[in-house]
Amino acid sequence: MFFIHRATLLFFFFLLFSFSTLSLSHPFSPLDNYLLDCGSTASLTTAATSSLSADHRLFSGDLARTPNSPFHSPSLRAAISLRNDNPFPGLSPIYHTARVFTSPASYTFSLKDKGPHIVRFHFHAFKSPQLDLGRAQFRVLVDDYVILTNFTRLNCTGQNPKVLEFLVPVEDEKIVIVFVPNRDSKLAFVNAIEVISAPNDLVPETAQFIGSSGNLVNFDGLNKQALEVVHRVNVGGPKVTPFNDSLWRTWVPDDGLLRSSFGSERLVFGGRIKYHDGGASREVAPDNVYNSARLIRSENDSVTNVNITWAFPILGGYKYLIRLHFCDIASISLNMLYFNVFVNDYLAYEDLDLSYITRSLASPFYADFVVDYGDGNVGGDLSVGIGPSKNSIPHAVDGILNGVEVMKINNSHGSFDGEDCATIVLKSWSKGNYSGLLLTLAAAVCIVLSLSIVIRRKMIESRKSLSWSRLPVNSSDGDDHVKVGNI
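Residues numbered from 1 in each chain as written. Predicted model: local features only at pLDDT ≥ 70, side-chain atom pairs only at ≥ 80, totals over all residues. Heavy atoms only, no water.

Looking at the packing of aromatic side chains
Think of a pair of aromatic rings as described by two things: how far the centres are apart, and how the planes are tilted against each other in angle. In total, this model carries 20 aromatic pairs according to the counting rule given. With a centroid separation of 5.1 Å and 25° between ring planes, the pair formed by Phe101 and Phe179 is classed as stacked. Taken as a pair, Phe101 in strand β6 (residues 97-101) and Phe179 in strand β12 (residues 174-181) lie far apart in primary sequence, 78 residues in all. Residues Phe101 and Phe179 agree in their burial class; the two are buried. Pairing Tyr107 with Phe109 gives two aromatic rings, centres 6.3 Å apart and planes at 20°, and the pair type is stacked. The exposure class of Tyr107 is buried, given its relative accessible area of 0%. According to the relative accessible area criterion, Phe109 is buried, its value standing at 0%. Of the aromatic side chains, those joined through ring pairs into one cluster are Tyr34, Phe101, Tyr107, Phe109, Phe121, Phe123, Phe138, Phe166, Phe179, Phe189 and Phe416. Between the NZ or CZ atom of Arg232 and the centre of the ring of Trp251, over which it lies, the distance is 5.6 Å. Sitting over the ring of Tyr318, Lys408 keeps its end group 4.5 Å from the ring centre. (Phe/Tyr/Trp six-rings, centres within 6.5 Å; stacked < 30°, edge-to-face > 60°. Helix = DSSP H or I, 4+ residues; strand = E, 2+ residues; numbered from the N terminus. Buried < 20%, exposed > 50% of the residue type's maximum accessible area, 1.4 Å probe, protein only. Lys NZ or Arg CZ within 6 Å of the ring centre and 35° of its normal.)

Spelled out as structure tokens, the structure:
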């Protein structure tokens, strides 16, 4: 009997541990969580007919709305639903359909929660007997932000869909997303849309701005800006899929971004990541980011002269937020790790001591920096580096980095792609249509005038011919011709 009770008790603790582990992996429950499979008619209430994404989330059809649904988009009645009858094997079902627009159309999302929201767009251009989505050219607006102005720059064909992710501050009770086709193609599309409320502390109010001379000053109001995710990298570790991230993000390996890694070491940690109040949370970055790293280690009586540098391609004309993730998973005790951090070859952190900040090993910390690539800068590579400092210790770890995020900040026009603001983008369509109407009317007027001139000339020529003709001898015939000649 004792054995049975003991087995039952062990089974109970096993279930409790499993539930706790599951809860820790996805502790964040967003108040707003729209997952739309665009072009699909799957029911919002029937999971069996919804599209299951690669990360096991249910995306519901964008037209399968109920009268009480907070999602509303009457403009989609004129849109086209398109299905890919020959999708690539293994491609997520959310890319099997698309919603196509031939004129401006909008989605409106009613919100329960104000503050920052994650907005993701999924694009996969496929061909069908009706349309070739590869020729689409369009602009996309999210509230007052222009997030995309030229779809053709996106490589979303083949087996690699394109996912664009934005963090948008929301002060209203709704988010409006507008698709505006270019006048040339008159074609826009989207495969799936996510609108998810984010933790309020995900984007801080202040970051450190690195000036042109390398001086550090406060950059205030960061949480009032919109951000586009350009790079999100798991340093030293494998790809992290949305299934393993509490905010359903993707983190890619850093191998292709390393500029110099000679003498560095890759490390994977099997222990528990210790999150602490005031530090990084699982919503800032998941365990799978903090339990892997690249590090510099001294193996003799002198500190090694090695730096690790990463290069991240960016576009000029914008400011960028660089978020660096640190977690000392390599030291054998506290107060043994000191190193320098460089951003664009400027010293961003001198003698960084994670033990002083976190008071614990395997405890995560992140730092935010802003750099300016505006004022005509053509862009290129944004660099991040770590290296030993003057306080580094022999026979110890002398540098570590776990993750990097690079996010574009909207410019002064509220745009991530060009100098046109949202108002100009919306007017461009109506202006284009109005110009086309004027051209049509002008062409019609020209045709009418041309015809009238030709007819008038023929009438004049006919009059001249009649005035010089000889009158007939027969009087009855003469009456008719006189009538004609006197017109």
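Still more ground to cover, so stick around.
What about the sheet that holds strand β20 (residues 264-268)?
Strand order in the open sheet made by the three strands is β20-β21-β28, with antiparallel pairing throughout. Of all the strands in the sheet, the pair left with one neighbour each is β20 and β28 (397-401). For this sheet, the mean angle separating the axes of adjacent strands, direction not counted, is 30°. Here β20 runs beside strand β21 (residues 292-297); their pairing, made up of five bridges, is antiparallel. Its bridge partner lying in β21, Val268 is registered against Ser292. (Pairing = 2+ DSSP bridges. Axes fitted to C-alpha atoms, helices over the stretch in contact; angles between N-to-C directions.)

Structural notes on the pattern of salt bridges
Evaluated as defined, the whole model comprises 19 salt bridges. Among the salt bridges present, the one from Asp62 reaches Arg99, with a minimum N-O distance of 2.8 Å. In this pair, Asp62 sits in the loop between β3 (58-61) and β4 (71-72) while Arg99 sits in strand β6, placing the two residues 37 residues apart along the sequence. Judged by relative accessible area, which is 0%, Asp62 ranks as buried. Put simply, Glu405 and Arg232 hold a salt bridge, and the shortest N to O gap is 3.0 Å. Of the two residues, Glu405 is situated in strand β29 (residues 403-409) and Arg232 in strand β17 (residues 227-234); the sequence distance between them amounts to 173 residues. The residues Glu405 and Arg232 share a single accessibility class, namely buried. The network of salt bridges with common partners includes Arg57, Arg120, Glu165, Glu194, Arg232 and Glu405. (Salt bridge = Lys/Arg side-chain N within 4 Å of Asp/Glu carboxyl O.)

Overview of the pairing of strand β16 (residues 216-220)
In this sheet, β16 lies alongside strand β15 (residues 206-210) in antiparallel orientation, the contact comprising five bridges. Across the sheet, Ile210 pairs through a bridge with Leu216, a residue of β16. Two successive antiparallel strands, β15 and β16, enclose a turn made up of five residues, where Gly214 displays a positive phi of approximately 90°.

Overview of the layout of surface pockets
There is about 1,300 Å³ of room inside the largest pocket. In terms of lining, the largest pocket is formed by 41 residues, of which the most central are Pro161, Lys162, Val163, Thr250 and Val252. Listed by contribution, the elements that provide at least two residues to the lining of the largest pocket are β8 (115-123), β11 (162-170), β17 and β22 (308-315). The element contributing the most residues to the lining of the largest pocket is β17, with six residues. When grouped by side-chain class, the residues that make up the lining of the largest pocket number 21 nonpolar, nine polar and eleven charged. (1 Å grid on protein atoms, 1.4 Å probe; cavity = no way out; pocket = protein on both sides within 12 Å on 5 of 7 lines; lining within 4 Å. Points joined across faces, edges and corners; volume = space filled by probe spheres on them. Nonpolar A, V, L, I, M, F, W, Y, C, P; charged D, E, K, R; others polar.)

Overview of unusual backbone geometry
Trans is the prevailing form of peptide bonds, just as negative phi is the prevailing case for residues other than glycine. Located in the positive-phi region is Lys186, a residue other than glycine, with phi close to 50°. Looking at the secondary structure, you find Lys186 in the loop between β12 and β13 (188-190). Its relative accessible area of 43% is what places Lys186 among the partly exposed residues. Unlike most non-glycine residues, Ala362 shows phi in positive territory, near 55°. Residue placement: Ala362 occurs in the loop between α3 (354-358) and β26 (364-372).

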